[in-house]
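Reading the structure
Listed below, chain by chain, are the residues.
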Amino acid sequence: MNTLKEIIANEKIKDIIAIAAAITMYFTADEIDRLIEIGLAYFGISKLVIKKED
């Protein structure tokens, strides 16, 4: 599990996962969206909006 967390710690991977989650959440019900948000929070992905921070 530590290896998976190390892979997900990469910013580019976080961005890809956030984009995939946002697309999935667009097509699913609100109950499923809550589960997706919990999964994202577990791996430390706190925002679904992708923008370059200064």
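Residues numbered from 1 in each chain as written. Predicted model: local features only at pLDDT ≥ 70, side-chain atom pairs only at ≥ 80, totals over all residues. Heavy atoms only, no water.

This brings us to the packing of aromatic side chains. Taken as a whole and assessed by the stated rule, the structure comprises one aromatic pair. Summarising the aromatic geometry, the rings of Y26 and F27 are spaced 4.9 Å apart at their centres and angled 90° between planes, so their arrangement reads as edge-to-face. For the pair shown, Y26 and F27 are each scored as exposed. (Phe/Tyr/Trp six-rings, centres within 6.5 Å; stacked < 30°, edge-to-face > 60°. Buried < 20%, exposed > 50% of the residue type's maximum accessible area, 1.4 Å probe, protein only.)

Here we come to the confidence of the model for the protein. Predicted confidence across the protein gives a mean pLDDT of 80, with 81% of residues reaching 70 or more. For the protein, the element scoring lowest by mean pLDDT is helix α1 (residues 2-8), at 74; helix α3 (residues 30-42) scores highest, at 88. (pLDDT = per-residue confidence, 0-100. Helix = DSSP H or I, 4+ residues; strand = E, 2+ residues; numbered from the N terminus.)

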